[in-house]
Amino acid sequence: MAIILVVEDDLFLRETAEMDLQGFGYQTLGASDVAEALLIIRSPQHIDALFTDIYLKEESEGGCEIARLAIILRPQLRVLYVTGNNITDRMKALFVDGSNCLRKPYAPDQLQHALESMLAA
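Conventions used here
- Sequence order sets the numbering: in each chain, residues are counted from 1 along the sequence as written.
- Residues qualify for local features only when their pLDDT is at least 70, as the model is predicted, and side-chain atom pairs are given and counted only at 80 or more; totals for whole chains, interfaces and linings, by contrast, use all residues.
- Hydrogens are left out, water is left out, and the side-chain values use all remaining heavy atoms of the structure.
- In this text, helices come from DSSP runs of H or I with a minimum length of four residues, and strands from runs of E with a minimum of two, each type numbered from the N-terminal end.
- Just to be clear, the radius of gyration here is over C-alpha atoms, and the globule rule we use is 2.2 Å times residues to the power 0.38.
- The cut-offs for exposure are 20% and 50% of the maximum accessible area for each residue type, with area from a 1.4 Å probe on protein chains only; residues under the lower value are buried, those over the upper are exposed, and the others partly exposed.
- Residue exposure ignores everything except the shown protein chains as possible cover, and the areas themselves are Shrake-Rupley values with a 1.4 Å probe.
- When charges are counted, Lys and Arg contribute as positive and Asp and Glu as negative, whereas His and the chain ends are disregarded.
- Just so you know, the charge point we use is NZ for Lys, CZ for Arg, CG for Asp and CD for Glu.
- Of the grid points, spaced at 1 Å and generated over the protein atoms alone, those admitting a 1.4 Å probe that cannot get out make up cavities, while open sets with protein on both sides within 12 Å along at least five of seven lines make up pockets; any residue with an atom within 4 Å of a point is treated as lining.
- Grid points are joined across faces, edges and corners, and a volume is the space filled by probe spheres set on the points.
- Polarity classes work like this: nonpolar for Ala, Val, Leu, Ile, Met, Phe, Trp, Tyr, Cys and Pro, charged for Asp, Glu, Lys and Arg, and polar for all others, with Gly in that last group.
- Residues are treated as being in contact if the distance between any of their heavy atoms lies within 4.5 Å.
- Handedness of a crossover: with both strands directed away from the viewer, a clockwise path from the first strand across the helix to the second marks it as right-handed.
- Pairing between strands is defined by DSSP: at least two bridges between them are needed.
- Working convention: axes come from line fits to C-alpha atoms, limited for helices to the stretch in contact. Angles between N-to-C directions cover 0 to 180 degrees.
- In what follows, roughly perpendicular refers to angles from 65 to 115 degrees, roughly parallel to angles under 35, roughly antiparallel to angles over 145, and oblique to any angle outside these ranges.
- Whether a crossing is left-handed or right-handed is set by the direction in which the near helix is turned from the far one by less than a right angle, anticlockwise for left-handed and clockwise for right-handed.
- Each Phe, Tyr or Trp ring (for Trp, its six-membered ring) is paired with any other whose centre lies within 6.5 Å, and the angle between the two planes then decides the class: stacked below 30 degrees, edge-to-face above 60, tilted in between.

**Side note on the overall build of the chain**
And then number 1: A tally of helices and strands in the chain yields five helices and five strands.
And then number 2: Listed N to C, the secondary structure of the chain is β-α-β-α-β-α-β-α-β-α in terms of helices and strands.
And then number 3: On C-alpha atoms alone, the chain measures out to a radius of gyration of 13 Å, which is about the 14 Å that the 2.2 N^0.38 rule sets for 121 residues.
And then number 4: Over its C-alpha atoms, taken along the principal directions, the chain stretches across nearly 35 × 30 × 30 Å.
And then number 5: Counting the 121 residues in the chain, one finds 45% classified as buried.
And then number 6: Of the roughly 6300 Å² that the chain leaves accessible, carbon and sulfur atoms contribute 53%.
And then number 7: Computing the positive centroid from 10 side-chain charges and the negative centroid from 18, the chain places the two 5 Å apart.

Below, the structure is given as structure tokens:
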């Protein structure tokens, strides 16, 4: 069973994503900001994938920063970005290699498909 770190500053969206992921059979860890996510990433806790909002309230591109640091510490980690904004070329330039991105609002089956595809790669 894969373990997914969910980083989302909106409590309702984070809890909804975690419930969806748990319904798909994944275990989840939740973080509301960069500092909390990095504590988990730096811990010995096993993590298979990072699911992060790109824009966090405290840092405009915090999700990209979390992903960049996470990949340095855990090169095998898969990254799925989510955003409610348009996905621009400038934004894509900040993505780590091999990552995927979903646009909010997304349907639960879109989330499941994106994670399954990413983890199978």
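**Structural notes on the environment of Glu 15**
And then number 1: With respect to the helices and strands, the residue Glu 15 is situated in helix α1 (residues 11-23).
And then number 2: For the pair Glu 15 and Gly 30, spaced 15 residues apart in the sequence, the C-alpha separation amounts to 8.2 Å.

**Some remarks on the layout of surface pockets**
And then number 1: Within this model, the largest pocket holds a volume of roughly 170 Å³.
And then number 2: In this structure, the largest pocket is lined by 13 residues; those nearest its centre are Leu 13, Thr 16, Ala 17, Lys 104 and Tyr 106.
And then number 3: A total of five residues in the lining of the largest pocket trace back to one element, the largest contributor, which is α1.
And then number 4: Tallied by class, residues from the lining of the largest pocket come to nine nonpolar, one polar and three charged.

**Brief notes about the side chain of Arg 14**
And then number 1: Residue placement: Arg 14 occurs in helix α1.
And then number 2: Dropping the residues within four chain positions of it, Arg 14 is found in contact with Val 6, Glu 8, Asp 9, Gly 30, Ala 31 and Ser 32.

**Observations concerning the pairing of strand β1 (residues 3-7)**
And then number 1: Buried residues dominate β1, accounting for five of its five residues.
And then number 2: Residues Ile 3, Leu 5 and Val 7 point to one face of β1 and Ile 4 and Val 6 to the other, with burial holding for every one of them.
And then number 3: As a crossover connection, the stretch from β1 through α1 into strand β2 (residues 27-31) is right-handed.
And then number 4: One ladder, built from four bridges, connects β1 with strand β3 (residues 49-53); its direction is parallel. In the sheet register, Val 7 faces β3, and the bridge partner there is Thr 52.

**A word on the packing of helix α2 (residues 34-42) against helix α3 (residues 62-73)**
The geometry of a pair of packed helices is captured by two quantities: the angle between their axes and the separation between those axes.
And then number 1: Taken N-terminus to C-terminus, the directions of α2 and α3 make an angle of 15 degrees; their axes are 10 Å apart at the nearest point. Compared by their axis directions, α2 and α3 come out roughly parallel. Taken as a pair, α2 and α3 cross one another with a handedness that is right-handed. On the side of α2, the interface is formed by Val 34, Ala 37, Leu 38, Ile 41 and Arg 42, while α3 contributes Gly 62, Ile 66, Leu 69, Ala 70 and Leu 73.
And then number 2: Considered class by class, the residues forming the contact of α2 with α3 number eight nonpolar, one polar and one charged.

**What to know about the packing of aromatic side chains**
The relation between two aromatic rings is expressed through the spacing of the ring centres and the mutual angle of the planes.
And then number 1: Taken as a whole and judged by the stated rule, the model has one aromatic pair.
And then number 2: Measuring from ring centre to ring centre gives 6.4 Å for Phe 51 and Tyr 106, while their planes differ by 80 degrees; the resulting arrangement is edge-to-face. Of the two residues, Phe 51 is situated in strand β3 and Tyr 106 in the loop between β5 (100-103) and α5 (108-120); the sequence distance between them amounts to 55 residues.
And then number 3: Take Phe 51: its relative accessible area is 1%, and that puts it in the buried class.

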